[in-house]
Every structure is written in structure tokens, then in C-alpha cells.
Amino acid sequence: MLFGNSEDKRFVLGYDLGDKVSQISYLSSDADMPETLSVLAGAELYNIPTVLCKRKDVNQWYYGKEAVRHIEDGDATPVYDVLQAAREGKPVKVLDAEYDPIALLTLFIKRSLSLLSMELSLDKVEAIMFTTRSLDHRMVQVLNAVTAALELKTSNIFYQSHEESFYNYMLYQPEELMHHCILACDYDMDSLFVYRMCLNHNTTPIVATIDVSEHNELKLGAEGFPKDAALFHRTCERLDDGFLNIMQKVCGDAIISTVFLLGDGFKEKWTKRSLEFLCRTRRVFQGNNLFSKGATIAARERLRPTDNSSRYVFLGEDKLKANIGMNVLKCGTECYHAILDAGVNWYEAQSQMDIIIDQSGVLDIQVTPLTGKSPKVVQLILDGLEKRPRGTTRLRLSVTMGSVNEVEVKVQDMGFGEIFPSTGKVWEQAIEL
């Protein structure tokens, strides 16, 4: 959907929320690819330090680069690890006062979103996708609390992991980059995270999977790269040797077509021997805004899916890896009815339907994995189901997920109007995938 009038232009946002730095990318309704917000006009400075500080003796808070400047000047008390504090749920002590970590994280995100006023109006934002390195149940709780407190104008607020943002970024890349495995190497001078995306072209849709490995051999001290020239040179050689060793092991015998080098750790251009190795038969790109751009693309795909989203399905750690459905009669013909589709985030998976059941009191739920496992039929036995004339037993089937490997099925007797009032009976069963 494209808009000709700039007044009608709408935007989607991708917010990469990191422990050390965060980023915001945006995509307008009349553009093909996202742009990333620079904290300095005219420069490519995308990183917003995930830091807050409170001025001494006054109730004044700063965030990002301004917070860093005040901390360096010594006139403010720093608050680092805002995201980690919110995950742990422990009050944050600043001088003699304690603060709610969710409130502090909300303050940081709210202030950083205000940077967008240079580029667009938040009133024009249709959707926001937050992406983080890991997205477990606790992180979802934190983001739910933060986004509720933000009181954003849009209700289209989504979350996903860095793996899925990597996948979404690749959906908008040239076709030739999608033939073999793809690597994204994210290095922040502390840890190196390697994301290895592989595609199974023998399935329909094409199944994408991503393996993530963490490597600590390239860890630098708190000061980062040494200032001394001789030490700097030795550090670069050590990193180059270490990264080459990791890449040789990761690549192995696999066919890797494309490699992305991400993060501030690669800025010093120390990848000499390792780059020679990677550039043999592979295309190598360097940057640091892939995840925020991928999140932005994902936000648009949620609102207006493209053909690519139907050609591919991503089965990440947070994804339902099987199709859940059942055979039903429609207009006298038996057909398959989908309840949950593979590829949905488990914490967003939900479905509800009303059905008329026969006298058997048995529901057959079909589980069809996309991971190569054999399909199976799980029977739900509705013990004590009231016997009624044919076509008058109406049930409500509600399906959610308690974890990525557990589907929770709830069946309620809804009765049949005034003729057969509901008995109030409820049956519940968990299906292990």
C-alpha cells in the first residue's frame, strides 16, 4: 500500500533494545528499505548507549550519549545495565533513593523515541517491533510492562529475537544471497555471537533455521582497544587469529554464501587474515544496524505481508514448529481446518473456534511437525460429555501455548441455546510436541 501524499505517509519502527546500545530504524509507506535513525544529523551514528544518569542534587535525568557525557564530566550518577535490572526486577539504587527498573527502562525508551521527532511524527507510526538478543518468557513480561507504560498511539506492538530480525532482514535481500547458509557475526568487544542461517529448499514453504553460538575468546577489557600503538597492533593480531579460528570451525564443510560482520568490535579493521579466509567464494558485508532494520521489515510484514513471507517460514527457538489442526465437516465435505500454523511465536499463539461434535465424545487433534518428525494424532477424550441429539452438542475449543513445546487445549460445553443449556463442563489437556 503506497501513499502519494506525504501527509498520508505512515511509518513502521524497529527498535533494537540492547544491554549496551540500542538502535531505532524506520520504514515509510512509500519506501522499499528501512533507514536507521542517526543520533547526529548528517552522520551514520546509530548507537544510542543504553544508559541513564541522574544529575547530582537535582531531579534531572539524561539518557544515551548525553548521559555518557554527564557521567564523564562527573556531575551525574550513572545507571548502567538498565535492561538487565528490568529482567531481574530488583529496585535500582541511585544515591539514597530506589527506583523501579521497569520505570527506568520505560524512561530510556520514551526519551530515545523522542529522537524520531527529527524525522517523523510518532502519530504517524502504525507499528513497532522490539527486538532483543534473547526473548524468553521474562523478557516478554518486561516488554509488556514497558509498552503498557509508554502509552503508545498504536496497538500494533510486537516483539522478536535477534535471530528472527536477521531472518526478516534477509527476506528483503537479493535472491542470490539466499541460496546457501548465511552468517551474521555480532561482536561488541565483549562477546561474539555467531548466527548461522540455513534454508531447506526441499520444503514448501522453504524452512529457515538459525543456530546461535557465543564465543568469549575475543573479549577485551573495559577500556576496549589499547591506546598504545604496539599494544594495539598485538591486540589486533590476537583478535584476527582468534576470529579466523572460530570462522574455520563454524564454516567447516558447509557452503556459506554470505557473511555479515556486525557491531562496534569490527570497526578497527583488524580482520586481515580472517577476512582473506571469509572472502574466498563468499560475499562479506560490514555494518551494525542489521537487527533494527530486520525488526522494521518484520513490523511491515505483520501489517502487509509480501510474497516472501508466504514463500519462507522461520522456525526459531520461539516458534511453533508444527501445524496444529483437525479434520471437520463443512457443507457435508470433510476437510482440514488449521488451528495453529507453524512459524508463529509460541507466546502469541492462540486460536478459538466453536464446533458441533458427534456422539463419540472424542476430538482428534492433528500435529504435523515441519522438522522431519512423524505426524501424529492426539485424542482428547471428553469424559462425561452429556448425550444430546445429533447436531446439538456445541463446544468451544480454545488453544494457547504454555511454552514452545507445549500446546494447551481447553474445551467448554456451550450448550445449544435454550433447548440444551450448558452444563458448565470444561476439559483441559496439554499436548507435548
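You'll find the structure just up there.
The structure contained in this document is the topic of the report that follows. (Residues numbered from 1 in each chain as written. Predicted model: local features only at pLDDT ≥ 70, side-chain atom pairs only at ≥ 80, totals over all residues. Heavy atoms only, no water.)

1. Let's talk about the side chain of Ser398
- Looking at the secondary structure, you find Ser398 in strand β23 (residues 394-403).
- One polar contact links Ser398 to Gln352, side chain to side chain, over a distance of 3.2 Å.
- In contact with Ser398, other than residues within four places in its own chain, are Ser351, Gln352, Glu408, Val409, Lys410 and Gln412. (Helix = DSSP H or I, 4+ residues; strand = E, 2+ residues; numbered from the N terminus. Polar contact = N/O pair within 3.5 Å; in protein donor to acceptor, adjacent residues only side chain to side chain. Contact = heavy atoms within 4.5 Å.)

2. Topic: the side chain of Lys54
- Of note, Lys54 is situated in strand β5 (residues 52-55).
- The charged side chain of Lys54 is buried without a salt bridge, its nearest counter-charge being Asp57 at 8.0 Å.
- Within the structure, Lys54 has its side chain in polar contact with the backbone oxygen of Val58 (distance 3.4 Å).
- Once residues within four sequence positions are removed from consideration, Lys54 is found in contact with Asn59, Gln60, Trp61, Ala76, Thr77, Val94 and Tyr99. (Buried < 20%, exposed > 50% of the residue type's maximum accessible area, 1.4 Å probe, protein only. Lys, Arg positive; Asp, Glu negative; His and termini not counted. Salt bridge = Lys/Arg side-chain N within 4 Å of Asp/Glu carboxyl O.)

3. Focus: the sheet that holds strand β20 (residues 350-356)
- Taken together, 4 strands build an open sheet; the order of strands is β20-β23-β24-β25 and the sheet is antiparallel. Edge strands, defined here as strands with exactly one partner in the open sheet, are β20 and β25 (426-432). In this sheet, neighbouring strand axes are inclined to one another by 20° on average, regardless of whether the strands run parallel or antiparallel.
- Strand direction decides the pairing type here: β23 and strand β24 (residues 406-413), joined by 8 bridges, are antiparallel. Paired with Ser398 across the strands is Lys410, a residue of β24. (Pairing = 2+ DSSP bridges. Axes fitted to C-alpha atoms, helices over the stretch in contact; angles between N-to-C directions.)

4. Concerning the state of the cysteines
- For the coordinates displayed, the defined rule picks out 1 disulfide.
- Cys185 takes part in no disulfide bond, and the closest cysteine sulfur to it belongs to Cys251, at a distance of 8.0 Å.
- You can see Cys236 has no disulfide; the closest cysteine sulfur is in Cys185, sitting 17 Å from it. (Disulfide = S-S within 2.5 Å.)

5. Structural notes on the packing of helix α5 (residues 162-171) against helix α8 (residues 290-303)
- Look at α5 against α8: their axes get within 7 Å of each other, and the N-to-C directions meet at 75°. Accordingly, the angle class assigned to the pair α5 and α8 is roughly perpendicular. Of the residues in α8, those touching α5 at His162, Ser165, Phe166, Asn168 and Tyr169 are Leu290, Phe291, Lys293, Gly294, Ala295, Ile297 and Ala298.
- When the residues that make up the contact of α5 with α8 are grouped by side-chain class, the tally is 7 nonpolar, 4 polar and 1 charged. (Parallel < 35°, antiparallel > 145°, perpendicular 65-115°, else oblique. Nonpolar A, V, L, I, M, F, W, Y, C, P; charged D, E, K, R; others polar.)

6. Re the environment of Leu261
- Along the chain, Leu261 falls in strand β15 (residues 256-262).
- Classification of Leu261 as buried rests on a relative accessible area of 1%.
- On a C-alpha basis, the gap between Leu261 and Leu183 in space is 8.5 Å, while along the polypeptide they are 78 residues apart.
- Beyond its immediate chain neighbours, meaning those up to four positions away, Leu261 contacts Cys185, Phe243, Phe266, Leu275, Leu278, Val284, Phe285, Gln286 and Gly287.

7. Focus on the layout of surface pockets
- For the second largest pocket, the calculated volume is near 630 Å³.
- Contributing to the lining of the second largest pocket are 19 residues, with Asn327, Val328, Leu329, Ile356 and Asp358 lying nearest its centre.
- Taken together, the elements giving at least two residues each to the lining of the second largest pocket come down to β18 (322-330), β20 and β21 (362-369).
- Across the lining of the second largest pocket, the residue classes tally to 10 nonpolar, 4 polar and 5 charged. (1 Å grid on protein atoms, 1.4 Å probe; cavity = no way out; pocket = protein on both sides within 12 Å on 5 of 7 lines; lining within 4 Å. Points joined across faces, edges and corners; volume = space filled by probe spheres on them.)

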